[in-house]
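A structural walkthrough
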Amino acid sequence: MITDKILDVLFYFPLLLVKALPEIDFAVPDNIFNGINTFLSNVGYVIPIRALMPILVSSLALSAFKISWALIIRIKSFIPTMGA
């Protein structure tokens, strides 16, 4: 109760300054997604993602396997009978 009154007094002027600022209106245009869709269509024409997807999947699978294998070895090294 007392702390609320002290904080009200301390924050009176900063809140007054913030309330005096004008409102900012931010609006996204409706046709922005058309431009993004056109850009991605052009990129998809130059870089055929569907044809390169098996390479990306196998690369990510190999990376995930390496990470999980390193994690298994790290956990195994903390077990007293299995450490190396």
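What counts as what
- Residues numbered from 1 in each chain as written.
- Predicted model: local features only at pLDDT ≥ 70, side-chain atom pairs only at ≥ 80, totals over all residues.
- Heavy atoms only, no water.
- Helix = DSSP H or I, 4+ residues; strand = E, 2+ residues; numbered from the N terminus.
- Rg over C-alpha atoms; globule rule 2.2 N^0.38 Å.
- Buried < 20%, exposed > 50% of the residue type's maximum accessible area, 1.4 Å probe, protein only.
- Phe/Tyr/Trp six-rings, centres within 6.5 Å; stacked < 30°, edge-to-face > 60°.
- Expected span 1.5 Å × (residues − 1).
- Bend = angle between axes of the 7 residues up to and from the residue.
- pLDDT = per-residue confidence, 0-100.

Turning to the overall build of the protein, a few remarks are in order. Looking only at helices and strands, the protein has four helices and zero strands in total. Tracing the protein from N to C terminus, the helices and strands come up as α-α-α-α. For the protein, whose C-alpha radius of gyration is 29 Å, the value lies well above the compact-globule estimate of 12 Å for 84 residues. Taken along the three principal axes of its C-alpha coordinates, the protein extends 65 × 55 × 15 Å. Among the 84 residues that make up the protein, the fraction classed as buried is 0%.

This brings us to the packing of aromatic side chains. Under the criterion given, the structure shown has two aromatic pairs. Relative to Phe-13, the ring of Tyr-12 lies with its centre 5.3 Å away and its plane at 75°, an arrangement referred to as edge-to-face. Given the relative accessible area of 57%, Phe-13 is considered exposed. Ring centres 6.2 Å apart and planes at 20° place the aromatic pair Phe-65 and Trp-69 in the stacked group. In this pair, Phe-65 and Trp-69 both sit in helix α4 (residues 49–78), four residues apart, roughly one turn of the helix.

Turning our attention to α4. The terminal C-alpha atoms of α4, which comprises 30 residues, lie 42 Å apart, in line with the 44 Å expected from a rise of 1.5 Å per residue. Taken as a whole, α4 carries its principal kink of about 25° at Ile-55.

Tracing the chain through its elements places Leu-7 in helix α1 (residues 2–10). Between the C-alpha atom of Leu-7 and that of Val-18, which follows or precedes it by 11 residues, the distance is 16 Å.

On to the confidence of the model for the protein. Per-residue confidence for the protein averages 88 on the pLDDT scale, and 98% of its residues sit at or above 70. Model confidence for the protein, summarised as mean pLDDT per element, is weakest for helix α3 (residues 32–46) at 85 and strongest for α4 at 92.

What follows deals with the environment of Val-46. Tracing the backbone shows Val-46 in helix α3. For the pair formed by Val-46 and Ala-27, sequence separation is 19 residues and the distance between their alpha carbons is 32 Å.

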